Amino acid sequence: MNIPNSVQVEKGELFSLSAVDVYDIDGSIESLQWLYQGRLLSHETELSYSFDSLGVYRIELVAIDNSSEQISQDIYIEVLPASVSKYYWLAVFFIFFSVVVFVIIPGLGKKIARK
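Remember, predicted model here, so these are calculated numbers, not experimental data. (Residues numbered from 1 in each chain as written. Predicted model: local features only at pLDDT ≥ 70, side-chain atom pairs only at ≥ 80, totals over all residues. Heavy atoms only, no water.)

Novice: I'm lost on the pairing of strand β6 (residues 55-65) in this one. Help?
Specialist: Successive side chains on a regular strand alternate, one facing one side of the sheet and the next facing the other. Bridging between strand β3 (residues 29-36) and β6 involves seven bridges; their strand directions are antiparallel. Across the sheet, glutamine 33 pairs through a bridge with valine 62, a residue of β6. Sheet analysis places β6 next to strand β7 (residues 70-80), joined by 10 bridges and oriented antiparallel. Directly across from isoleucine 64, in β7, lies its bridge partner glutamine 70. Adjacent in sequence and paired antiparallel, β6 and β7 are bridged by four residues, among which serine 68 carries a positive phi angle near 65 degrees. (Pairing = 2+ DSSP bridges. Helix = DSSP H or I, 4+ residues; strand = E, 2+ residues; numbered from the N terminus.)

Next comes the structure, spelled out in structure tokens:
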């Protein structure tokens with residue numbers, strides 16, 4: 001299987017895994033199973049998923065061919081804390097907006113009232 005053995009994502013980040021390159025050299029792939037802790041997540045070629053807690057999680061991809069033979073691969077997902085940079089521009093906008101609304105606009109009103 002041509003799938004990465006490990007992936008790093010941020011907490012809550014939606015990630016995708018693809019089994020589009022999975023093939024059987026002497027037949028055809030009839031079924032795919034994406035499993036987490038033995039629970040079926042999907043039968044689709046593409047899996048999109050997210051984890052809300054930090055840690056390392058194991059997702060198993062099982063491919064079943066037309067002879068009912070199975071091959072599997074484990075993919076380890078390392079969930080990291082969300083980066084601060086993701087929210088940087090939101091914080092900058094909020095500070096700019098606050099300065100405009102609470103400092104500049106009231107100051108302009110006072111200047112106009114004095115004239």
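That covers the picture; the talk isn't over yet.
Novice: Mind showing me how you'd approach the pairing of β7 here?
Specialist: Across five bridges, strand β1 (residues 6-10) lies against β7 in parallel orientation. Within β7, the position partnered with glutamine 8 by the bridge is glutamate 78.

Novice: Mind showing me how you'd approach the nonpolar core here?
Specialist: Looking at soluble globular proteins, one finds that nonpolar side chains tend to be buried together. Leu17, Trp34, Phe51, Ile59, Leu61, Ile75 and Ile77 are the most contacted members of the largest nonpolar core, which has 19 residues in total. For this core, the elements supplying multiple residues, two or more each, are β1, β2 (15-18), β3, β6 and β7. It is β6 that provides the largest number of residues to this core, a total of four residues. (Core = buried A, V, L, I, M, F, W, Y, C linked by side-chain atoms within 4.5 Å. Buried < 20%, exposed > 50% of the residue type's maximum accessible area, 1.4 Å probe, protein only.)

Novice: Would you mind going over unusual backbone geometry with me for this structure?
Specialist: One can expect most non-glycine residues to show negative phi and most peptide bonds to be in trans. Positioned with a positive phi, glutamine 37 is a non-glycine residue whose angle comes to about 50 degrees. Along the polypeptide, glutamine 37 turns up in the loop between β3 and β4 (39-42). Among the residues examined, glutamine 37 registers a relative accessible area of 67% and is labelled exposed. Of note, serine 68 is a non-glycine position whose phi angle comes to about 65 degrees, a positive value. Note on placement: serine 68 falls in the loop between β6 and β7. A relative accessible area of 59% places serine 68 in the exposed class.

Novice: Explain the sheet that holds β1 to me, please; I cannot follow it from the model alone.
Specialist: Strand pairing in a sheet is mediated by backbone hydrogen bonds. Such pairs are either parallel or antiparallel. Taking strand neighbours across the sheet as the criterion, the five strands line up as β1-β7-β6-β3-β4 in an open arrangement whose pairing is mixed. The sheet is open, and its two edges are formed by β1 and β4, each paired on a single side. Between one strand axis and the next, the sheet turns through 35 degrees on average, direction left out of account. In the sheet, β3 pairs with β4 via three bridges, with the strands oriented antiparallel. Its bridge partner being in β4, tryptophan 34 is matched across the sheet by serine 42. (Axes fitted to C-alpha atoms, helices over the stretch in contact; angles between N-to-C directions.)

Novice: Honestly, the packing of aromatic side chains in this entry has me stumped. Any pointers?
Specialist: Aromatic ring pairs are reported here in terms of the distance separating the ring centres and the angle at which the planes meet. Counted under the stated rule, the structure contains five aromatic pairs. Considering the side-chain rings of tyrosine 49 and phenylalanine 51, the 5.1 Å spacing of their centres and the 70 degrees angle between planes classify their relative orientation as edge-to-face. For the pair phenylalanine 51 and tyrosine 57, a centre-to-centre distance of 3.9 Å together with 5 degrees between the ring planes defines the contact as stacked. When sorted by exposure, phenylalanine 51 lands in the same class as tyrosine 57, which is buried. Clustering of aromatic rings is evident, with ring pairs tying together Phe15, Tyr36, Tyr49, Phe51 and Tyr57. (Phe/Tyr/Trp six-rings, centres within 6.5 Å; stacked < 30°, edge-to-face > 60°.)

None of the figures reported here should be taken as evidence of function without further support.
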